[in-house]
Amino acid sequence: MTESDLSNTSLTPQRILVTGGAGFLGSHLCERLLGMGHEVICMDNYFTGRKENVKHLMEDASFELLRHDVTFPVYLEVDQIYNLACPASPVHYQHDPVQTTKTSVHGAINMLGLAKRTGAKIFQASTSEVYGDPKVHPQKEDYWGHVNPIGYRSCYDEGKRCAETLFFDYHRQHGVQIKVGRIFNTYGPRMHPSDGRVVSNFIVQALTGEDITIYGEGQQTRSFCYCLDLIEAFVRIMATGDDFTGPVNIGNPGEFTIRELAEKVIRMTGSSSKLSFKPLPSDDPTQRKPDISMAREQLDWEPTVSLDNGLAKTIAYFDELLSNARHPVVPPMQVVRSA
């Protein structure tokens with residue numbers, strides 16, 4: 001897919017619904033879609049999303065903000081749907097695990113029903129968590145995963161797996177045009193400062209001089225994709241033809257240990273924070289790295305922002321957030337595992 005292919009999609013304005021649109025990724029997506037000339041309906045119930053994330057878009061006549069919970073039906077006329085609604089960090093999705101499962105499952109049913117009625121193309125923001133604690137490395141899309149169905153993180157992992165099932169059944173049974181992207185660890189400005197995810201945790205702890213919390217020995221690996229690289233992939237997935245549904249991995253194949261990330265954050269912030277080691281939480285994946293061969297082939301996409309450059313932008317965001325005191329950082333809710 002070429003840049004001209006993408007630019008051509010912006011020549012025909014679409015009315016696009018983004019669920020979870022006031023969240024970390026949703027707000028960046030709304031911004032990108034408006035920049036392409038589309039009308040955007042941003043829907044969020046503000047469980048983890050924040051109006052502050054989309055405040056700068058409010059003056060745009062093509063932007064509409066709708067407070068609504070995706071677990072309840074909504075009746076709109078739209079051309080495309082990006083279904084991003086679901087708490088994505090352990091702190092948030094373990095706070096109310098039943099609601100988390102409902103958001104993934106009932107939310108998928110409601111949005112697929114809307115897509116079926118309107119003929120809209122619909123994108124599902126799935127996750128690398130469908131692979132669980134993988135026995136295959138790196139993870140390819142044809143790997144079925146190794147997931148605990150009754151653990152503390154199952155509300156998110158199995159909820160997203162069920163959502164994928166629903167998407168493909170609606171596609172096969174009702175002909176709904178679907179696109180499924182499996183998101184690997186993503187970071188960047190507008191992350192919630194108390195979401196408990198590893199990048200935000202480390203940066204906030206470093207900037208405030210607290211000890212950097214590492215679970216286990218810090219040898220578990222993750223791959224970190226900058227948010228705007230991820231949004232580029234979303235747009236490219238939606239621009240593909242009807243014969244491509246996914247699922248397709250979206251992430252950065254660069255692999256780092258958690259300890260390496262912590263040491264990098266300390267160095268880049270100039271912090272005096274020390275490393276603090278705690279027991280490894282239940283079901284924490286030991287390795288996480290996407291095989292993005294399909295994304296390269298089908299989307300002509302791969303990440304362009306290095307971890308150092310992305311962290312620099314993210315650190316600057318959190319530094320300003322902590323300094324202006326408009327968003328005081330509150331301690332994360334108690335959970336069984338971290339990022």
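Residues numbered from 1 in each chain as written. Predicted model: local features only at pLDDT ≥ 70, side-chain atom pairs only at ≥ 80, totals over all residues. Heavy atoms only, no water.

### So, the packing of aromatic side chains
Following the criterion strictly, the structure yields six aromatic pairs and no others. For the pair Tyr131 and Tyr143, a centre-to-centre distance of 6.0 Å together with 20° between the ring planes defines the contact as stacked. With Tyr131 in the loop between strand S5 (121–127) and helix H5 (154–174) and Tyr143 in the loop between S5 and H5, this pair connects stretches of sequence that are 12 residues apart. Each member of the pair, Tyr131 as well as Tyr143, is classed as buried. (Phe/Tyr/Trp six-rings, centres within 6.5 Å; stacked < 30°, edge-to-face > 60°. Helix = DSSP H or I, 4+ residues; strand = E, 2+ residues; numbered from the N terminus. Buried < 20%, exposed > 50% of the residue type's maximum accessible area, 1.4 Å probe, protein only.)

### What to know about helix H7 (residues 227–238)
With 12 residues, H7 should reach 16 Å at 1.5 Å per residue; the first-to-last C-alpha distance of 17 Å fits that figure. The buried count for H7 comes to 11 of 12 residues, which makes it a mostly enclosed element. Taken together, the buried positions of H7 are Cys227, Asp229, Leu230, Ile231, Glu232, Ala233, Phe234, Val235, Arg236, Ile237 and Met238. (Expected span 1.5 Å × (residues − 1).)

### Some remarks on the pattern of salt bridges
This model, assessed by the stated rule, comprises 15 salt bridges. Across the salt bridge formed by Arg153 and Asp157, the nearest N and O atoms sit 2.9 Å from each other. With respect to burial, Arg153 and Asp157 carry one shared label: buried. Here Arg172 and Asp169 are joined by a salt bridge, their closest N and O atoms 2.9 Å apart. Separated by three residues within a single helix, Arg172 and Asp169 lie in helix H5, roughly one turn from each other. Residue Asp169 is classed as partly exposed on the basis of its relative accessible area of 34%. When salt bridges that share partners are traced, they join Glu129, Arg153, Asp157 and Arg288 into one network. (Salt bridge = Lys/Arg side-chain N within 4 Å of Asp/Glu carboxyl O.)

### Re the nonpolar core
The biggest cluster of nonpolar side chains holds 61 residues, and the ones touching the most others in it are Tyr82, Val199, Phe202, Phe234, Leu261 and Leu311. The element that contributes the greatest number of residues to this core is H7, accounting for eight residues. Here Phe234 is in contact with Leu29, Tyr82, Leu84, Phe123, Ile183 and Ile250, once residues within four sequence places are set aside. One finds Leu17, Met111, Leu166 and Phe168 within the second-largest nonpolar core, a separate group that totals 25 residues. (Core = buried A, V, L, I, M, F, W, Y, C linked by side-chain atoms within 4.5 Å. Contact = heavy atoms within 4.5 Å.)

### Description of the environment of Glu39
Along the chain, the position of Glu39 falls in strand S2 (residues 39–44). It is 6.1 Å that separates the C-alpha atoms of Glu39 and Phe63, two residues lying 24 residues apart in sequence. If sequence neighbours within four positions are ignored, Glu39 has contacts with Gln14, Arg15, Ile16 and Ser62.

### What to know about the packing of helix H4 (residues 97–118) against H5
For the pair H4 and H5, the least separation of the axes is 8 Å and the interaxial angle reads 15°. When the axis of H4 is compared with that of H5, the two are roughly parallel. In terms of crossing hand, the pair formed by H4 and H5 is right-handed. Here H4 contributes Pro97, Thr100, Thr101, Ser104, Val105, Ala108, Ile109, Leu112, Gly113 and Lys116 to the contact with H5, which in turn contributes Cys155, Tyr156, Gly159, Lys160, Cys162, Ala163, Leu166, Phe167, Tyr170 and His174. Split into classes, the residues belonging to the contact of H4 with H5 amount to 12 nonpolar, six polar and two charged. (Axes fitted to C-alpha atoms, helices over the stretch in contact; angles between N-to-C directions. Parallel < 35°, antiparallel > 145°, perpendicular 65-115°, else oblique. Left-handed = near helix turned anticlockwise from the far one by under 90°. Nonpolar A, V, L, I, M, F, W, Y, C, P; charged D, E, K, R; others polar.)

### Structural notes on the pairing of strand S4 (residues 80–83)
Residues Gln80 and Tyr82 point to one face of S4 and Ile81 and Asn83 to the other, with burial holding for every one of them. By the bridge criterion, four bridges tie strand S1 (residues 15–19) to S4 in an arrangement that is parallel. Following the sheet pairing, Leu17 is matched in S4 by Ile81. In the sheet, S4 pairs with S5 via four bridges, with the strands oriented parallel. When the sheet's bridge partners are listed, Tyr82 is paired in S5 with Phe123. (Pairing = 2+ DSSP bridges.)

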